[in-house]
Amino acid sequence: MSADAVDQKIPLPRCAALGVQHVLVMYAGTVAVPLIVGGALGLSKADIAFLINADLLAAGIATLVQALGLWRFGIRMPVMMGVTFAAVGPMIAIGTDPALGLPAIYGATIVAGLFGILIAPLMGRLLGVFPPLVTGTVITLIGVSLMGVAIHWAAGGQPHRTEMVDGVAHAIANPDYGDPAKLAIAALVLAVVIAISRFGRGLVANLAVLLGVAAGAAVALATGRMGFEGLDEAPWLALTTPFHFGLPRFELSAVLAMCIVMVITLVESTGMFLALGAITGRRVTPDLLTRGLRADGLGTVIGGVFNTFPYTSFSQNVGLVTVTGVRSRYVAAAGGVVLIALALLPKVAHLVASVPPFVLGGAGIVMFGMVAATGVRILGSVDYGANRHALYVIAISIGMGLIPTLSPTFFQHLPAWTHAVTHSGIVLGTVVAVLLNLFYHGVLTLERSLAQAAATAHSAE
């Protein structure tokens, strides 16, 4: 295997086709975060469509920086960038706080990106604080925390809705929650994903989730359960403008929460870059690793400016490099161009935003369950004999991390400045996992940290 394959320029038609293939593999995961956050914050369909376009634009720009390089940014390898699921819980906690909202999300995202750029050269040291025991626990917690979103999607929405009676907000049971017809369509999506993943081959198998959503949407449309209100008003072409939802706000609690997410993101990316180096035959030097991590930070800054979220390398696309055998970074760059082109099409984003929640529910169970399963797989690589207190770290961290999900008012009497941490299970669980691991096991050496990060990435892939 030659590292020259990474710099190979292949014919434009084939390069473009392979770039589209990368986009198709990552598309469902890419648009999931705007759908989750937009739905949790009660945004309109038009605003969610705008979030989707902003997400695609920032992902495309970040991908181009990673693949082609820009000054001291970019690892110059076949990397596709997308929003990290690790940011979902903290962003919802920030966005649903009446004193914060979307501007605070974007302010915290911009600062977290700058923080990521600054600490990129130090990640070798920080890896000793994030061994597989911690990363596996955190990734498992991310998947488990998101599963509630998929369950509510499959049931058709939220179990309760808010109605104003005499000026007072009251929670009223949603009579449409759990409608058998909606559950049936969600089950159909899940069945299609399972069937394609079992019998599909090559690209088709990699598109199982996307094809499952398409099948569910077709059934919902045929049965009159999917509408396209507002589609005619959406323009064919439009540019995503910075600070669409207002100027960013910089709140300390929100910034701290997103900086923790940024560290998690950089740890994930480090492992993916090391795994990609092994796959492509290009040695990932400390300087190359720093350039790649700086691009993660820059992508996150771009995300905050263009009304979207933190970015990381997508593991499914790293896996696709292995499947296709094509290691050229120009294929990833072509994928970045495709993402930017899609970001110019508001009608396409509006179509995605029109997909009913119960259709997304079947796919969400798979996607978020796979995140949790990846965490479990990473935890399977832990040497429990040498780390005899590992089960305490896992048990207590997941238990603490699930408190905000299972009991949202558990920490309601704590000061407001703590809410960005205590109201996000992912942030809370990460803090607990890091502190407990330090207490029981201390800090790993740099050599062991890099070796374990590479092994963790292979498990995730």
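As the structure is a prediction and not an experimental result, all values here were calculated from the model. Residue numbering note: each chain is counted from 1, following its sequence as written. With the structure being a predicted model, the display of local features is reserved for residues of pLDDT at least 70 and the display and counting of side-chain atom pairs for 80 or more, all residues being used for whole-chain, interface and lining totals. The basis for the side-chain values is all heavy atoms of the structure; hydrogens and waters are excluded.

(A) View of helix H9 (residues 208-222). Put simply, DSSP marks the helices as runs of H or I at least four residues long and the strands as runs of E at least two long, and each gets a number from the N terminus on. By definition here, a helix of n residues has an expected span of 1.5 Å times n minus one. For H9, with 15 residues, the first-to-last C-alpha span of 21 Å sits near the 21 Å given by 1.5 Å per residue. Between buried and exposed lies partly exposed: a residue is buried under 20% and exposed over 50% of the maximum accessible area for its type, with that area taken using a 1.4 Å probe on protein chains only. The complete set of buried residues in H9 reads Ala208, Val209, Gly212, Val213, Gly216, Ala217 and Ala220. Projected down its long axis, H9 shows its buried positions confined to an angular sector of 170°, all on one face. It only takes one pair of heavy atoms within 4.5 Å for two residues to be counted as in contact. Of the surrounding secondary structure, the elements contacted by the buried residues of H9 are helix H1 (12-40), helix H7 (180-199), helix H8 (202-206) and helix H15 (357-379). Looking one or two places after H9, you find glycine 224, whose phi comes out positive at around 75°. The arc in question is formed by the directions pointing from the helix axis toward the C-beta atoms.

(B) How the structure looks around the side chain of serine 253. Take serine 253: it is sitting in helix H10 (residues 252-280). With near-sequence residues (within four places) excluded, serine 253 lies in contact with Trp417 and Ala420.

(C) Layout of a nonpolar patch on the surface. Taken together, the side chains of Val20, Leu24 and Leu203 make up a nonpolar region of the molecular surface, amounting to roughly 190 Å² of accessible area. Within the secondary structure, valine 20 is located in helix H1. To count toward a patch, a residue needs a relative accessible area over 30% and no salt bridge; like charges are then connected within 9 Å, while nonpolar side chains (Val, Leu, Ile, Met, Phe, Trp, Tyr) are connected within 5 Å. Per-residue and other accessible areas were derived by the Shrake-Rupley procedure at a 1.4 Å probe size, with only the shown protein chains allowed to occlude residues. One side-chain nitrogen of Lys or Arg within 4 Å of one carboxyl oxygen of Asp or Glu is enough to make a salt bridge.

(D) Spatial organisation of the nonpolar core. Core analysis: the largest hydrophobic core is formed by 120 residues, its most contacted members being Ile52, Phe85 and Phe309. Broken down by element, this core gets its largest block of residues, 16 residues, from H10. Apart from residues no more than four positions distant in its own chain, isoleucine 52 is found in contact with Val31, Pro34, Leu35, Ala349, Val352 and Ala353. In plain words, nonpolar cores are sets of buried Ala, Val, Leu, Ile, Met, Phe, Trp, Tyr and Cys residues tied together by side-chain atoms within 4.5 Å.

(E) Representation of the packing of H1 against helix H3 (residues 88-95). A fitted line through C-alpha atoms serves as each axis, taken over the contacting stretch for helices, and the angle formed by two N-to-C directions is quoted from 0 to 180°. Following both chains from N to C, one finds H1 and H3 inclined at 25°, their axes separated by 9 Å at the closest point. By the angle between their directions, the pair H1 and H3 is classed as roughly parallel. The hand of the H1/H3 crossing is right-handed. Taking contact as the criterion, the partners of Val33, Ile36, Val37 and Ala40 in H1 are, on H3, Val88, Met91 and Ile92. For this classification, Asp, Glu, Lys and Arg are treated as charged, while Ala, Val, Leu, Ile, Met, Phe, Trp, Tyr, Cys and Pro are nonpolar and the rest, including Gly, are polar. Broken down by class, the residue content of the contact of H1 with H3 amounts to seven nonpolar, no polar and no charged. In this scheme, roughly parallel covers angles under 35 degrees and roughly antiparallel covers those over 145, while 65 to 115 is roughly perpendicular and the rest are oblique. Take the far helix as your reference; a near helix turned counterclockwise from it by less than a right angle gives a left-handed crossing, and one turned clockwise gives a right-handed crossing.

(F) Representation of H3 in the model. Counted residue by residue, H3 has six buried out of eight residues, so it is predominantly covered. Looking at H3, one finds that the buried residues are Val88, Pro90, Met91, Ala93, Ile94 and Gly95. Here the buried face of H3 lies against H1, helix H4 (102-119), helix H6 (132-155), H10, helix H18 (419-422) and helix H19 (425-441).

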